[in-house]
Amino acid sequence: MTEIGTITLYREKSVVHRVEELNEDDGGATPPALIMRSNRITIPVKTGLNTIVAVVRGQNIPGTMRMAAVVVDEIRRDANVFKDPDAVDWESLWRRKTSKYENDYNRQNWVSVHIGGETVFMGGEGREGIAEVEALATGEEVTEAIVNEAAGNVLGALEDLMVEHDGQTALVFTPGPAFHRAAILERRDRKTGAFSVSVHHPSPAKPVRLSHFISFCADMNEALTHKSFLDRVQELIAENALASTNITPALTQATRNRRRELIDQIENFEEVNKVSYRPEKPNFG
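In terms of regular secondary structure, the protein is built from eight helices and ten strands. Relative to the compact-globule value of 19 Å for 285 residues, the protein shows a C-alpha radius of gyration of 20 Å, a close match. Burial status across the protein gives 46% buried among its 285 residues. Look at the contacts in the protein between residues 6 or more apart in sequence, and 62% of them connect residues 24 or more apart. Only carbon and sulfur atoms are counted for the fraction: they give 48% of the accessible area of the protein, which is about 15100 Å². The positive charge centre, built from 33 side chains, and the negative charge centre, built from 42, are 10 Å apart in the protein.

As structure tokens, then:
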């Protein structure tokens, strides 16, 4: 019997400099030797023998959450995924979770899956250093020491490296016998707020699927991101400054359409399930 514990999403950024380059008098123009920026979700899974941590990384929060929902479903379906992760067609599962909007307007989107430190899927290229970090962290907290060692392996660096690593908890999922709960940081009007959302099980014998709840929260996060973008577009129009940006009418309309689609999905989930918010439901515009 497997049990999934508290799932946490972190926003992470690691910047690695070569010390000898920093010492050169270049006015700070030398770029970092390595930059690793991603969202990182840890999924602790208790088995009969031990606890294995699956990790999902991704370019944006909603995409990372949706791939985490895929991983949760695969674990629920067959815990042998830990023994034979290559038996899963991760690429197809990821593509099914990627919207047309993402394909059209976010070609840099990517995710990766790591189980017990082993990289089992890397969707997209240029994720230099990510696999090394996860091999060393094996699902635990990423520290500057881990990033330093990983960077040394990637860069083949014999000289000293200077590492700046920052990680911020952005979302926490707590599965439970009566309800699932998510505590979410929200960027609103260029400020950071927080709210929580819970979905209550119809009965202990018939719980809401955790993967469905994670996907629901991903829809909320993406809808709020699009609302923030569209609010900014309105500000630029009011300032007569939109022409100086690369924001096109096609992008703006596609974003409106995608937000409407997400709001419909959110409302459909709320109709089927008992959902509660604290302090209140966010405004998706």
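This next bit is on the side chain of R66. Examined against the element boundaries, R66 turns out to sit in helix 2 (residues 61-77). The exposure class of R66 is buried, given its relative accessible area of 9%. Ignoring sequence-local partners within four residues, the contact set of R66 consists of K97, A218, D219, E222, R258 and L262.

In this section: the pairing of strand 3 (residues 34-46). Two elements, strand 1 (residues 3-4) and strand 3, share two bridges in a ladder whose sense is antiparallel. Bridge assignment links I4 to a residue of strand 3, and that residue is V45. In the sheet, strand 3 pairs with strand 4 (residues 51-58) via eight bridges, with the strands oriented antiparallel. When the sheet's bridge partners are listed, R40 is paired in strand 4 with R57. Between strand 3 and strand 4, which pair antiparallel and follow one another directly, the connecting turn spans four residues.

Counting across every chain of the model gives four aromatic pairs. Both rings, one in F216 and one in F269, keep their centres 4.2 Å apart while their planes meet at 15°; by these two values the pair is stacked. With F216 in helix 7 (residues 210-238) and F269 in helix 8 (residues 249-272), this residue pair connects regions lying 53 residues apart in the sequence. Taking relative accessible area as the criterion, F216 reaches 2% and is therefore assigned buried.

This part covers unusual backbone geometry. In this structure, P279 follows R278 across a cis peptide bond, with omega equal to -5°. For P279, the location among the structural elements is in the segment after strand 10 (274-278). The backbone phi angle of T138 is positive, close to 45°, even though this residue is not glycine. Here T138 is to be found in the loop between helix 5 (130-137) and helix 6 (144-155). Judged by its relative accessible area of 37%, T138 falls in the partly exposed class.

With that settled, consider helix 3 (residues 90-97). Those residues of helix 3 that sit buried are W90, L93 and W94. Buried residues of helix 3, seen end-on, are gathered within an arc of 100° and therefore sit on one face of the element. Looking at the buried residues of helix 3, the elements they touch are helix 2, strand 5 (111-115) and strand 6 (118-123).

Quick notes on the rules
- Residues numbered from 1 in each chain as written.
- Predicted model: local features only at pLDDT ≥ 70, side-chain atom pairs only at ≥ 80, totals over all residues.
- Heavy atoms only, no water.
- Helix = DSSP H or I, 4+ residues; strand = E, 2+ residues; numbered from the N terminus.
- Rg over C-alpha atoms; globule rule 2.2 N^0.38 Å.
- Buried < 20%, exposed > 50% of the residue type's maximum accessible area, 1.4 Å probe, protein only.
- Contact = heavy atoms within 4.5 Å.
- Areas by Shrake-Rupley, 256 points an atom, 1.4 Å probe, with all protein chains shown as cover.
- Lys, Arg positive; Asp, Glu negative; His and termini not counted.
- Charge placed at Lys NZ, Arg CZ, Asp CG, Glu CD.
- Pairing = 2+ DSSP bridges.
- Phe/Tyr/Trp six-rings, centres within 6.5 Å; stacked < 30°, edge-to-face > 60°.
- Arc of directions from axis to C-beta.

No statement about biological role is implied by the geometric values presented.
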